[in-house]
Structures are given as C-alpha cells and as structure tokens.
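# Analysis of the macromolecular model
Listed here are the chains, written in short residue letters.
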Amino acid sequence: MSRAHQHCVACADPVRLAVWLAGQRERADAHAQQARELRGAAAEVRERLIAASVAAVLGDPQQDTADRCRERDDLDRERIMLCGRATVHAEQALFIRDRADRVEAAHPREVTS
C-alpha cells in the first residue's frame, strides 16, 4: 500500500471495496429502472392527454368546456410530475455510478477484482 493510500479504507480492505462497488451499482440500477418505469407511465399519460385534447376539440358541444379543459390540465400536470420524478431518479443513478467509477479508478485493478 502506498503512503498516499495508507488511510484509505478501500485500499486497506479490498473485499469491502468490492462489496461497496457492487452495492453502489445495484443502487444505481434500481434508480435507472425506476426512471424507466416513470418515463413509461408519463408516455401513457401523454397518450391519454392527446386523446383528451382531441375529445375537447371534436367532442360533444353540450359537454362543459371547463370540464374538458380541466381534464387536460390534470393529465398535463400528472405527466409533468412523472417526468420530473423520472429525471430525479435518472440523475441519482448517474451520480451514484459516477462516484463508484471514480472510486474504482483510484484503486489498482487487482484490488477491485
């Protein structure tokens, strides 16, 4: 162990480093999966939003316009919320992966194997 790394927990305990790296990659994968699911849900809401918009334009003239607009607004808010949550999970996955990659790069390959 080099003098620069004598206080490094990862250098002192390679098994602990490997376990930590695996755990971090697992956390990142979970966040990425959650982001994909939320983006899928947002796409479904977008389809409903498009259908509601078409119905608002071509729908029954007797139906209250405010109700039709309210439905579209509610769907649009839901879509924006889902997209925002997906972005948070995607950013978290990238942050976790970046940190794990930096820690892994700072240590000899035989330590992380």
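Placed above this text is the structure.
The sections below set out a description of the structure shown in this document.

## Focus on the nonpolar core
Core analysis: the largest hydrophobic core is formed by 8 residues, namely Leu-38, Ala-42, Val-45, Leu-49, Ala-52, Leu-75, Leu-82 and Ala-86. Among the secondary structure elements, those contributing two or more residues to this core are α2 (14–58) and α3 (65–105). Broken down by element, the residue count for this core peaks at 5 residues, all from α2.

## Some points on α3
End to end, α3 covers 59 Å across 41 residues, agreeing with the expected 60 Å (1.5 Å per residue, within 8%). For α3, the complete set of buried residues consists of Arg-68, Leu-75, Leu-82, Ala-86, Ala-93, Ile-96 and Ala-100. Where the residues of α3 are buried, they touch α2.

## Notes on the pattern of salt bridges
Tallied over the entire structure, the rule returns 7 salt bridges. When the shortest N-O distance is used, the salt bridge between Asp-76 and Arg-79 registers 3.0 Å. Pair noted here: Asp-76 and Arg-79 are both in helix α3, with a separation of 3 residues, about one helical turn. Judged by its relative accessible area of 24%, Arg-79 falls in the partly exposed class. The partner of Arg-102 in a salt bridge is Asp-98, with the nearest N and O atoms 3.1 Å apart. Of this pair, Arg-102 and Asp-98 are both found in helix α3, 4 residues apart, which corresponds to roughly one turn of the helix.

## Some details on the side chain of His-107
Mapped onto the secondary structure, His-107 falls in the loop between α3 and α4 (109–112). In terms of polar contacts, His-107 uses its side chain to reach the backbone carbonyl oxygen of Val-103, at 2.5 Å.

## Re a nonpolar patch on the surface
On the surface, a nonpolar cluster with roughly 400 Å² of combined accessible area is contributed by Ile-50, Val-54, Val-57 and Leu-58. You can see Leu-58 is positioned in helix α2. The exposure class assigned to Leu-58 is exposed, which follows from its relative accessible area of 68%.

Conventions used here
Residues numbered from 1 in each chain as written. Predicted model: local features only at pLDDT ≥ 70, side-chain atom pairs only at ≥ 80, totals over all residues. Heavy atoms only, no water. Core = buried A, V, L, I, M, F, W, Y, C linked by side-chain atoms within 4.5 Å. Buried < 20%, exposed > 50% of the residue type's maximum accessible area, 1.4 Å probe, protein only. Helix = DSSP H or I, 4+ residues; strand = E, 2+ residues; numbered from the N terminus. Expected span 1.5 Å × (residues − 1). Contact = heavy atoms within 4.5 Å. Salt bridge = Lys/Arg side-chain N within 4 Å of Asp/Glu carboxyl O. Polar contact = N/O pair within 3.5 Å; in protein donor to acceptor, adjacent residues only side chain to side chain. Patch = residues over 30% accessible without salt bridge, like charges linked within 9 Å, V, L, I, M, F, W, Y side chains within 5 Å. Areas by Shrake-Rupley, 256 points an atom, 1.4 Å probe, with all protein chains shown as cover.

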